[in-house]
Amino acid sequence: MEDIKIGLVGLGTVGSGVLQMLTSNQDKIANITGRSLTVKTIVVHNIDKPRTVDLTGIQLTSDLNAIMDDSEIQIVVEVMGGIHPAKEIITQLLQAGKHVVTANKDLIANAGEELATTARDTHTDLMYEASVAGGIPILRTIVNSFAADHILEVKGIVNGTTNYILTQMQQHGRSYEEALQQAQKLGFAEADPTNDVAGIDAAYKMIILSQFAFGTQLSLDKMAVTGIDNVQLDDVTQAAELGYTVKLLGVAKRIDDGVFAEVAPVLVPSDHPLATINNENNAVMVTGQAVGETLFYGPGAGGLPTANSVLSDIISESKNIALGTTGNGFNNYQTQTQYADPADILYPYYLSLSMPDIPGQMLKLTQIMTNIGASFKQIVQTDGPEQRAKVMVITHAMSKAQLAELKIQLAATDDVTLLAAYKVLD
């Protein structure tokens, strides 16, 4: 049986999981691919660092040339993370004729198109199933199973850290700060959780999902991205009383000839499938014109779940090598798509406001809503501090343009303060 040699760049949690799974499942992999897969060389920053995996027969080095110059190594797995120097390393590997598998969502979202072009030019393969939603095989599913369908929308919970925090707030009444501390203690959140809690990590994943679903390249600076770092426990509790669960959702949707993409806290009806996705788990819902709504659920992070997605890419690449079909892009779907007009993006909204607890204040709010052509669906008022009332409103569907005008008009009032505005999933 022919042996395919593999190189690893990085040996952290995911890299160790890849090595462990390759070793443990050798017989099954060989049966599927008709090839024996062997890790020959691993490049790490510090070769003296203690390792928890068996490295018998594997060269451990800090010299990338040990992989670059080795003609036996055909597939290289990059699991070091970050944009630089990962971009430069992958570029060099592709130019050296190596097929590359990566789990690097930040890099693929920012430079995936450039790297894919390099892969095409060098007749090599670049695969990155593990860059979105950890162990959920969502990208290859969109490429293969939705190839003939017209995808209308992709939405979901694509960040495990924020989902864990919101679950703790919802189910255990913890404040955001308490839930974040718990997530950090359990290893679900980094010491610096900014990328997660500010919604940036989820936005990168939605950029990649949009590439596969709509064939379009979105950019982070043109997406509306709001994290959960300002979500208040009061709003989570009030949402539950109204029949909703607060989730950080990524949404990418076709609207006429345009695409709308956003990451933000959303009120999800309690009977909606996404409302049941708790703790560190992820879920992606794909809506196709033919198939309707389909839901893909599973662990969104972790060494072995992510390693499983990396292994699926390695196995696919091994089949390409065996069949002589290398040099085809992971995702070849490309279209010219414009951003949707804010006037065409319609959703109900949850508004949390603070105002003096005196007669006439609701009349001001009603007048502003009338001015922008919007209306209320539900209103709840509770007592606040210092003779102020907290008012929670769910509107009928209104546009992004109307919401922007509402914020301007509320900011111009002296005594009504908008505390939060969250989209409501209808």
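### Here we look at the overall build of the protein chain
Along the backbone of the protein chain there are 14 helices and 19 strands. In terms of overall dimensions, the protein chain is globule-like: its C-alpha atoms have a radius of gyration of 24 Å, near the 22 Å expected for 426 residues. For the protein chain, the spread of C-alpha atoms along the principal axes amounts to about 80 × 45 × 35 Å. Per-residue burial for the protein chain yields a buried fraction of 54% across its 426 residues. Contacts in the protein chain between residues far apart in sequence, at least 24 positions, make up 73% of those at least 6 positions apart. Put simply, the protein chain shows about 18,600 Å² of open surface, and 47% of that area lies on carbon and sulfur atoms.

### Quick word on the packing of aromatic side chains
Taken as a whole and judged by the stated rule, the model has six aromatic pairs. Look at Tyr128 and Phe212: their rings are 5.8 Å apart centre to centre, the planes differ by 85°, and that puts the pair in the edge-to-face class. Separated by 84 residues along the polypeptide, Tyr128 in the loop between strand S6 (126–127) and helix H6 (138–145) and Phe212 in helix H10 (residues 200–214) bring together distant segments of the chain. Of the two residues examined, Tyr128 and Phe212, each falls in the buried class. Plain terms: the ring middles of Tyr164 and Phe188 are 4.9 Å apart, the flat faces sit at 55° to each other, and that makes the pair tilted.

### Topic: the pattern of salt bridges
Under the definition given, this model contains 17 salt bridges. In this structure, the salt-bridge partner of Asp201 is Lys105, at a minimum N-O distance of 3.0 Å. One end of the pair, Asp201, is in helix H10; the other, Lys105, is in helix H5 (residues 105–121), and 96 residues separate them in sequence. According to the relative accessible area criterion, Asp201 is buried, its value standing at 6%.

### Quick look at the nonpolar core
Grouped together as the largest cluster of nonpolar side chains are 75 residues, with contacts concentrated most on Ile138, Leu139, Ile165 and Leu209. Ranked by the residues each element gives to this core, the list is headed by H10, at 10 residues. Non-local contacts of Leu139, meaning those with residues more than four positions away in its chain, are made with Tyr128, Glu129, Ser131, Val132, Ile208, Leu209, Phe212 and Phe330. Ile157, Ala275, Ala374 and Leu410 belong to the second-largest nonpolar core, a separate cluster that totals 31 residues.

### Considerations on the sheet that holds strand S5 (residues 99–102)
Strand order in the open sheet made by the six strands is S3-S2-S1-S4-S5-S6, with parallel pairing throughout. Across the chains shown, the open sheet's two edge strands, defined by having one partner strand only, are strand S3 (59–61) and S6. Bridge analysis of strand S1 (residues 3–9) against strand S2 (residues 36–43) gives seven bridges, and the strand direction is parallel. Looking at S2, one finds that Ile4 is bridged to Leu37. Strand contacts of helix H4 (residues 86–95): strand S4 (73–78), S5 and S6, with the helix running at about 150° to S5, the strand carrying the most contacts.

### Some details on the pairing of strand S15 (residues 349–356)
Of all eight residues that make up S15, eight are buried, and the element is covered over most of its length. With six bridges joining them, S15 and strand S19 (residues 417–424) adopt antiparallel strand pairing. Along S19, the bridge assignment pairs Leu351 with Ala421. Sheet topology note: the S15/strand S17 (residues 388–395) ladder contains seven bridges and is antiparallel. Bridge pairing in S17 links Pro356 to Arg388.

### Topic: a negative patch on the surface
Where like charges cluster on the molecular surface, the negative patch consists of Asp256, Asp257, Asp341 and Asp344. Among the structural elements, Asp341 can be located in the loop between strand S13 (338–339) and strand S14 (346–347).

### A word on the pairing of strand S12 (residues 292–299)
Pairing of strand S11 (residues 281–288) with S12 involves eight bridges; the strand directions are antiparallel. Bridging from a neighbouring strand, Val286 pairs with Thr294 of S12. Following S11, the chain reverses through three residues before pairing antiparallel with S12.

### So, the environment of Pro273
Tracing the backbone shows Pro273 in the loop between strand S10 (258–269) and S11. The exposure class assigned to Pro273 is partly exposed, which follows from its relative accessible area of 35%. The spacing of Pro273 and Val14 is 259 residues in sequence and 29 Å in space, taken between C-alpha atoms.

### Description of empty space enclosed by the protein
To find the voids left in a structure, one rolls a probe of water-molecule size over its atoms. One pass over the full model with this rule turns up one cavity of 30 Å³ or more. When its volume is computed, the largest cavity comes out at roughly 100 Å³. Lining the largest cavity are 13 residues, and of these Ala116, Arg120, Leu126, Gly329 and Phe330 sit closest to its centre. Per-element tally for the lining of the largest cavity: the top contributor is H5, with three residues.

The rules behind the values
Once a new chain begins, its residue numbering starts again from 1 and follows that chain's sequence as written. Totals for whole chains, interfaces and linings use all residues, but because this is a predicted model, local features are given only for residues with pLDDT of at least 70 and pairs of side-chain atoms are given and counted only at 80 or more. Side-chain metrics rest on all non-hydrogen atoms present in the structure, leaving aside hydrogens and water. Starting at the N terminus, helices and strands are each numbered in turn, a helix being any DSSP run of H or I of at least four residues and a strand any DSSP run of E of at least two. For a compact globule the rule gives 2.2 Å times the number of residues to the power 0.38, and the radius of gyration it is set against comes from C-alpha atoms. Categorising residues by exposure relies on relative accessible area from a 1.4 Å probe, with only protein chains included: less than 20% of the type maximum marks a residue as buried, more than 50% marks it as exposed, and the intermediate range marks it as partly exposed. The contact definition used throughout considers only heavy atoms, calling two residues in contact when any of these lie within 4.5 Å. Areas reported as accessible are Shrake-Rupley estimates using a 1.4 Å probe. Residue values count occlusion only from the protein chains shown. The rule is short: rings of Phe, Tyr and Trp, with Trp giving its six-membered ring, pair when the centres are within 6.5 Å, and they are stacked under 30 degrees, edge-to-face over 60, tilted in between. Salt bridge, as used here, is a side-chain nitrogen of Lys or Arg placed within 4 Å of a carboxyl oxygen of Asp or Glu. Throughout, nonpolar core names a set of buried Ala, Val, Leu, Ile, Met, Phe, Trp, Tyr and Cys residues whose side chains join them through atoms within 4.5 Å. In this description, strands pair whenever DSSP reports at least two bridges between them. Axis angles are defined between N-to-C directions and span 0 to 180 degrees, where every axis is a line fitted to C-alpha atoms and, for a helix, only to the segment in contact. In this scheme, patches are assembled from residues that exceed 30% relative accessible area and form no salt bridge. Like charges are connected within 9 Å, while nonpolar side chains (Val, Leu, Ile, Met, Phe, Trp, Tyr) are connected within 5 Å. Under the convention used here, Asp and Glu are negative, Lys and Arg are positive, and both His and the chain ends fall outside the count. All charge positions are set by atom: Lys at NZ, Arg at CZ, Asp at CG, Glu at CD. Only protein atoms enter the 1 Å grid, on which a cavity is a set of points fitting a 1.4 Å probe that cannot get out and a pocket is an open set with protein on both sides within 12 Å along at least 5 of 7 lines, lining residues being those with an atom within 4 Å of a point. Grid points are joined across faces, edges and corners, and a volume is the space filled by probe spheres set on the points.

On their own, these measurements won't tell you what the molecule is for.
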